[in-house]
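Summary of structural features
What follows is each chain in one-letter form.
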Amino acid sequence: MAAKLKLTVACGDYEIVRALKEGAVEADSLELVMLTGMGPRERHWRMARRAEFDVCEANVGAYFMERDQGAPLTAIPVFLHRRFRHGFLFVNAAAGIRAPKDLIGKEVGGTNFQPASNIWMRGILEEEYGLPHRRVTWVVERSEDVAFTPPKDLRIEMIAPGKKLDLMLAEGEIPAMLSPELPRLFRAGDKRIVRLFPDYKEIELAYFRRTGIFPIMHVTTIKQEIVDKFPWVPTNLTKAFEAAKAIAYHRIANPRVVPLAWVRTALEEQEETLGRDPWAYGLTPANRKNLETVLRYTFEQGMISKMLPLDALFADTDLGDAGGSDGI
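Residue positions are counted from 1 within each chain, in the order its sequence is given. Whole-chain, interface and lining totals are the exception, using all residues; otherwise, since this is a predicted model, local features are given only for residues with pLDDT of at least 70 and side-chain atom pairs are given and counted only at 80 or more. The side-chain quantities take in all heavy atoms of the structure and omit both hydrogens and water.

This brings us to the overall build of the protein. Numbering of helices and strands starts at the N terminus; helices are DSSP runs of H or I of at least 4 residues and strands are runs of E of at least 2. When you go through the protein residue by residue, the secondary structure sums to twelve helices and eleven strands. Against the 2.2 N^0.38 benchmark of 20 Å for 328 residues, the protein shows a C-alpha radius of gyration of 20 Å, consistent with a compact globule. Taken over the C-alpha atoms alone, the protein extends approximately 65 × 45 × 35 Å along its principal axes. Think of it in three bands: with a 1.4 Å probe and only protein chains considered, a residue is buried below 20% of the maximum accessible area for its type, exposed above 50%, and partly exposed in between. Expressed as a percentage of its 328 residues, the buried residues of the protein come to 53%. We call two residues contacting when some pair of their heavy atoms lies within 4.5 Å. Considering only residue pairs separated by 6 or more positions, the protein has 79% of its internal contacts joining residues 24 or more positions apart. The sign given to each residue is positive for Lys and Arg and negative for Asp and Glu; His and the chain ends receive no count. The location of each charge is read from NZ of Lys, CZ of Arg, CG of Asp or CD of Glu. Averaging the coordinates of the 44 positive side-chain charges in the protein and doing the same for the 45 negative ones gives two points 3 Å apart. With C-alpha atoms as the basis for the radius of gyration, the globule rule is written as 2.2 Å multiplied by the number of residues raised to the power 0.38.

Okay, structure coming up:
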């Protein structure tokens, strides 16, 4: 019996990869070493700076940047993390910010410039709310995962050592903040920090109904040398991720699994709105629109030099539109 090809896979500890992690699903001819103990920041940095993993869940915008800079990577159309983002724009309650346009000429915090969450929200705020991203000073607290030289008219400033953006926001030193996650002080109940869109869920539902986009945050990258040597790997990997996701959907449909009183109600609501497979894989029409939108935002925000076609950015997995229902 031929030995299996051993690959390290760095990704989040998601329900949709549980079956791969626990061995209930095996990738044909592959032995996957699932590395799920890292947070996204560590995982992205280690892959971008040191190329530590064979396969890695990666920030979609950072992946576009790496390819633009000639990194020896490709991606499979497996999108392990999606999230609507209108609920992650926070403002100081006393700053008088009532609409995105009120932030023109102001400073807006953000962990760093490159998180996919921030790329998406800057693009949405500009396209739908009239807030040009180059008329804001973006205040960051850490270095970028992928090195780049910002355009001259793009203003990015690093905060002083020892400062924290959520405290700066609470104390009114900055009026607003885009955050990939809920700010620490907001989670602690600090009333000085509020969402700019308190009815964010209704806004996000309207956004999806209008655009068909459930924003893709992360793609799954593979070292190009592996694809060149073993061209069957992308398809086999994609099929394995698809099988693991199917098990997750079946598992989550059991209301005894998740300790939430109305989990079945939430599932029915999600299926009614987003369809039976919101995490659809493959370059389906809906996923192409999704990826083309964030690719355009990445270009418009000065992080890549040109728009590459999606088919040049993703390996052909032979699945086409068979990766599941788009949900629209």
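A few words on the packing of aromatic side chains. Only rings of Phe, Tyr and Trp enter the pairing, Trp through its six-membered ring, and a pair is recorded when the two centres are within 6.5 Å. The plane angle decides the type: under 30 degrees is stacked, over 60 is edge-to-face, the rest tilted. Under the definition given, this model contains twelve aromatic pairs. On the numbers, 4.7 Å between centres and 20° between planes, the contact of Phe 84 with Phe 214 is stacked. Residue Phe 84 is located in the loop between strand S4 (73–76) and strand S5 (89–92), and its partner Phe 214 is located in the loop between helix H7 (200–211) and strand S11 (218–223); the two are separated by 130 residues in the primary sequence. A relative accessible area of 7% places Phe 214 in the buried class. Through a chain of ring-to-ring contacts, the aromatic side chains of Tyr 63, Phe 64, Phe 79 and Phe 314 assemble into a single cluster.

Definitions used throughout: a 1 Å grid over protein atoms alone; a cavity as a set of points that fits a 1.4 Å probe which cannot get out; a pocket as an open set with protein on both sides within 12 Å along at least five of seven lines; a lining residue as one with an atom within 4 Å of a point. Grid points are joined across faces, edges and corners, and a volume is the space filled by probe spheres set on the points. Applying the stated rule across the entire model yields four cavities of 30 Å³ or more. Lining the second largest cavity are His 44, Met 47, Ala 48, Ala 58, Asn 59, Ala 62, Glu 66, Asp 145 and Val 146. For the lining of the second largest cavity, the elements supplying multiple residues, two or more each, are helix H2 (40–50), strand S3 (55–59) and helix H3 (60–68). By the convention adopted, Pro, Cys, Tyr, Trp, Phe, Met, Ile, Leu, Val and Ala count as nonpolar, Lys, Arg, Asp and Glu as charged, and the other residues, Gly among them, as polar. A breakdown of the residues in the lining of the second largest cavity according to their chemical character gives five nonpolar, two polar and two charged.

Bringing the pattern of salt bridges into the picture now. Basic side-chain nitrogens of Lys or Arg form a salt bridge, by our definition, when they fall within 4 Å of a carboxyl oxygen of Asp or Glu. Applying the stated rule across the entire model yields 24 salt bridges. Where Asp 153 meets Arg 134, a salt bridge forms, and the shortest distance between an N and an O atom there is 2.6 Å. Here Arg 134 lies in the loop between helix H4 (116–129) and strand S7 (137–140) and Asp 153 lies in the loop between S7 and strand S8 (155–158), a separation of 19 residues in the sequence. Asp 277 is the salt-bridge partner of Lys 245, the closest N and O atoms lying 2.9 Å from each other. On the criterion of sequence distance, the pair formed by Lys 245 in helix H9 (residues 233–252) and Asp 277 in the loop between helix H10 (263–274) and helix H11 (285–300) is long-range, its members being 32 residues apart. Of the two residues, Lys 245 and Asp 277, neither departs from the other in class, the shared state being buried.

The space that makes up the largest pocket amounts to roughly 1000 Å³. Forming the walls of the largest pocket are 27 residues, and the residues nearest its centre are Phe 214, Ala 266, Gln 270, Leu 274 and Trp 279. Top contributing element to the lining of the largest pocket by residue count: H10, with seven residues. Partitioning the lining of the largest pocket into residue classes produces 18 nonpolar, three polar and six charged. In this model, the second largest pocket occupies a volume close to 700 Å³. In terms of lining, the second largest pocket is formed by 34 residues, of which the most central are Thr 111, Arg 142, Ser 179, Pro 180 and Glu 181. Secondary-structure elements contributing two or more residues to the lining of the second largest pocket are H2, H4, helix H5 (165–170) and helix H6 (184–187).

On to H4. Here H4 is 14 residues long and its end C-alpha atoms lie 19 Å apart, about the 20 Å a rise of 1.5 Å per residue gives. Of all the 14 residues making up H4, ten are buried; the element is thus mostly covered by neighbouring parts of the structure. Among the residues of H4, Ala 116, Ser 117, Asn 118, Ile 119, Trp 120, Met 121, Arg 122, Gly 123, Ile 124 and Leu 125 are the ones counted as buried. Just past H4, the residue Gly 130 takes up positive phi, approximately 70°. For a helix, the expected span equals 1.5 Å multiplied by the residue count minus one.

Relative to the helices and strands, Asp 68 resides in helix H3. Remark: the alpha-carbon pair of Asp 68 and Ser 305, spanning 237 residues in sequence, is separated by 6.8 Å. If we ignore the near neighbours within four places in the chain, the residues touching Asp 68 are Met 303, Ile 304, Ser 305 and Lys 306. A polar contact is formed between the side chain of Asp 68 and the side chain of Lys 306, at a distance of 3.3 Å. Polar contacts here mean pairs of N or O atoms no more than 3.5 Å apart (in protein, one a potential hydrogen donor and the other a potential acceptor; neighbouring residues in sequence count only if both atoms are side-chain atoms).

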